[in-house]
Amino acid sequence: MAACAVDTPGSVSSETTRKTRPSQTSYAPSSSPSTTQLATTTSPPTTSSQPTTTTTTTVVTPSSTVPVTTTTFLPPTVAITPRGVPVRVAEVTDQGWNVYDPCGDPAVITKGFPIREIQVVLDPGHGGKDPGARGPTGLKESELNLKVSLAVSQLLQDRNISTLLTRTGDYYIELDERIALADAVGAAILVSIHHNAPVAAKSDKPGTEVFAQTGDPESARLAGLLHGEVFEALVAVEGIQWTSRWDAGALRVVNSSGGDAYSLVRKPETTNALLEIAYLASPSEGVFLATDEYIQLIAPPIASAVEKYLASDETGTPLHERARIHNPTGGRRTCPLVDLE
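About the criteria used
Residues numbered from 1 in each chain as written. Predicted model: local features only at pLDDT ≥ 70, side-chain atom pairs only at ≥ 80, totals over all residues. Heavy atoms only, no water. Buried < 20%, exposed > 50% of the residue type's maximum accessible area, 1.4 Å probe, protein only. Helix = DSSP H or I, 4+ residues; strand = E, 2+ residues; numbered from the N terminus. Pairing = 2+ DSSP bridges. Salt bridge = Lys/Arg side-chain N within 4 Å of Asp/Glu carboxyl O. Phe/Tyr/Trp six-rings, centres within 6.5 Å; stacked < 30°, edge-to-face > 60°. Lys NZ or Arg CZ within 6 Å of the ring centre and 35° of its normal. Contact = heavy atoms within 4.5 Å. Axes fitted to C-alpha atoms, helices over the stretch in contact; angles between N-to-C directions. Polar contact = N/O pair within 3.5 Å; in protein donor to acceptor, adjacent residues only side chain to side chain. pLDDT = per-residue confidence, 0-100.

To continue, consider the pairing of strand β14 (residues 209-212). In β14, alternate side chains face the same way, and those of Glu209 and Phe211 on one face and Val210 and Ala212 on the other are all buried. Note: β14 against strand β18 (residues 271-279), 4 bridges, orientation antiparallel. Counted as the bridge partner of Glu209 is Glu276 from β18. For β14 and strand β16 (residues 250-251), the ladder comprises 2 bridges, and the chain directions are parallel. From the neighbouring strand, Val210 faces β16, where its bridge partner is Ala250.

Before going further, it helps to examine the pattern of salt bridges. Counted by the stated rule, this structure contains 11 salt bridges. Between Glu209 and Arg324 there is a salt bridge, with its nearest N and O atoms 2.9 Å apart. Here the residue Glu209 occupies a position in strand β14, and Arg324 occupies one in strand β19 (residues 324-325), the gap between them amounting to 115 residues. With respect to class, Glu209 is no different from Arg324; both count as buried. With a shortest N-O distance of 2.6 Å, Glu229 and Lys308 are connected by a salt bridge. Of this pair, Glu229 sits in helix α3 (residues 217-235) while Lys308 sits in helix α6 (residues 292-311), and the two are 79 residues apart along the sequence. Relative accessible area serves as the criterion here: at 29%, Lys308 is assigned to the partly exposed category. Connected through shared salt-bridge partners, Glu209, Arg245, Asp247 and Arg324 make up one network.

We now examine the packing of aromatic side chains. Inspection of every chain in the model, using the stated rule, returns 2 aromatic pairs. Residues Phe211 and Tyr262 carry aromatic rings whose centres are separated by 5.6 Å and whose planes lie at 20° to one another, so their mutual orientation is stacked. Highlighted residues: Phe211 in strand β14 and Tyr262 in the loop between β17 (253-254) and α4 (263-266), separated in sequence by 51 residues. A relative accessible area of 1% means that Phe211 is categorised as buried. Residue classification places Tyr262 among the buried residues on the basis of a relative accessible area of 4%. Across from the ring centre of Tyr100, 4.3 Å away, lies the NZ or CZ of Arg88, which sits over that ring. Above the face of the Tyr172 ring, Lys129 is positioned so that its terminal group lies 5.1 Å from the ring centre.

This brings us to the environment of Ala200. Tracing the chain through its elements places Ala200 in the loop between β12 (189-196) and β13 (201-203). Sequence separation between Ala200 and Arg245 is 45 residues; the distance between their C-alpha atoms is 5.9 Å. With residues up to four places along the chain from it excluded, the contact list for Ala200 reads Thr243, Ser244, Arg245 and Tyr279.

Taken in spatial order, the 6 strands of this open sheet run β11-β10-β12-β18-β14-β16, and their pairing is mixed. The two strands at the open ends of the sheet, each matched to only one other strand, are β11 (163-165) and β16. Strand contacts of α3: β12, β14, β16 and β18, with the helix running at about 25° to β18, the strand carrying the most contacts. Its contacts with the sheet place α6 against β10 (120-124), β12 and β18, and it is angled at close to 155° to β18.

Within strand β7 (residues 96-100), 4 of the 5 residues are buried, leaving the element largely enclosed by the surrounding structure. In this sheet, β7 lies alongside strand β6 (residues 86-93) in antiparallel orientation, the contact comprising 5 bridges. Note on β7: the bridge partner recorded for Thr93 is Gly96. When β7 meets strand β8 (residues 106-109), the two strands line up antiparallel, connected through 4 bridges. Bridge pairing in β8 links Asn98 to Val108. Taking the residues that link successive antiparallel strands as the turn, the β7-β8 hairpin has 5 residues, and the phi of Gly104 there is positive, at about 85°.

Moving on: the side chain of Gln213. With respect to the helices, strands and loops of the structure, Gln213 is situated in the loop between β14 and α3. Taking relative accessible area as the criterion, Gln213 reaches 13% and is therefore assigned buried. A polar atom in the side chain of Gln213 sits 2.7 Å from the backbone oxygen of Val265. Setting aside its immediate chain neighbours within four residues, Gln213 contacts Ser219, Asp260, Val265, Arg266, Lys267, Pro268 and Asn272.

Another aspect to go through is the confidence of the model for the protein. For the protein, per-residue confidence averages 85 on the pLDDT scale, and residues scoring 70 or more make up 78% of the total. Contacts of residues 1-6 to residues separated by more than four positions or lying in other chains number 29 contacts, the stretch itself having pLDDT below 50. Confidence drops under a pLDDT of 50 for residues 8-63, and excluding neighbours within four residues, the segment shows 119 contacts in the predicted structure.

Attention now moves to the sheet that holds β8. In a beta sheet, neighbouring strands pair by backbone hydrogen bonds and run either parallel or antiparallel. Strand order in the open sheet made by the 5 strands is β8-β7-β6-β5-β9, with antiparallel pairing throughout. In this open sheet, the two strands that pair with only one neighbour each are β8 and β9 (113-115). Averaged over all pairs of adjacent strands, the angle between strand axes in this sheet comes to 45°, irrespective of strand direction. Lying over the sheet, helix α2 (residues 175-185) contacts β5 (78-80), β6, β7 and β9, oriented at roughly 60° with respect to β6.

Below, the structure written as structure tokens:
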């Protein structure tokens, strides 16, 4: 059973369907030298309380009126709050930014940093009151997921691939809100990063698992690339007693009704995959996963898989034809408030 087994019912807000659109700019050539144009440009700082706008004043002479350049920047669909929390944006007004907090509830912040043109959303699984699995050293899965996600994000940005994390600290965020963030920002892919539990059977090979969305060949391709790159990096490590399920690999996990078992795989409109890198709960693996050496080892293959997906048609590990059957339990839990500013 995967460490991410808790599944939250409910539908994603309609806000998830909005995509980031580029700014709209219109240009008109000057038709008369007798018209004088006085242009005033307002450029607030990156955490401005209003969207950036450009206004132009035209002084008209008796001879003619000349059309002028007008630039309008549409409000962002996602922003970073003053405390570094990614949130969806409903509206920007003179009074503040109307947003949705990590619980998916309406909130207002005074200012935010707009996020646009994101290619990859990385979702560090669990967080806050939901620590996920625990390793033999006491390491929480939520902490390890975030460390790996931050390292992968840095590598991707070094390769000029823009990224967004669904959470940036140790706080709880609803499953539906993670999904909504990825869909709202219009990313190409969503990768949810996890470490597995409970302990599986002993194996001479890593038990890396990547779950793909049923019926989406691009999700299957992403899952295959992630599995291939991560597995090859781990299998080269010596002195580790691995654990693995017999059907580990790139696969689908469905419930008894045939639908994808996990919300994070089933609900996103964004092409996605859920990666269970290795078993944190395993005694031997868990000690290794708690080291800095592990972070340095595992971040590059994840980044490479993402880059290959975006830049090529490579497929990686073939998806298992037979899906795993799993019926998650649980429902909506109390969601603690997160300070946004």
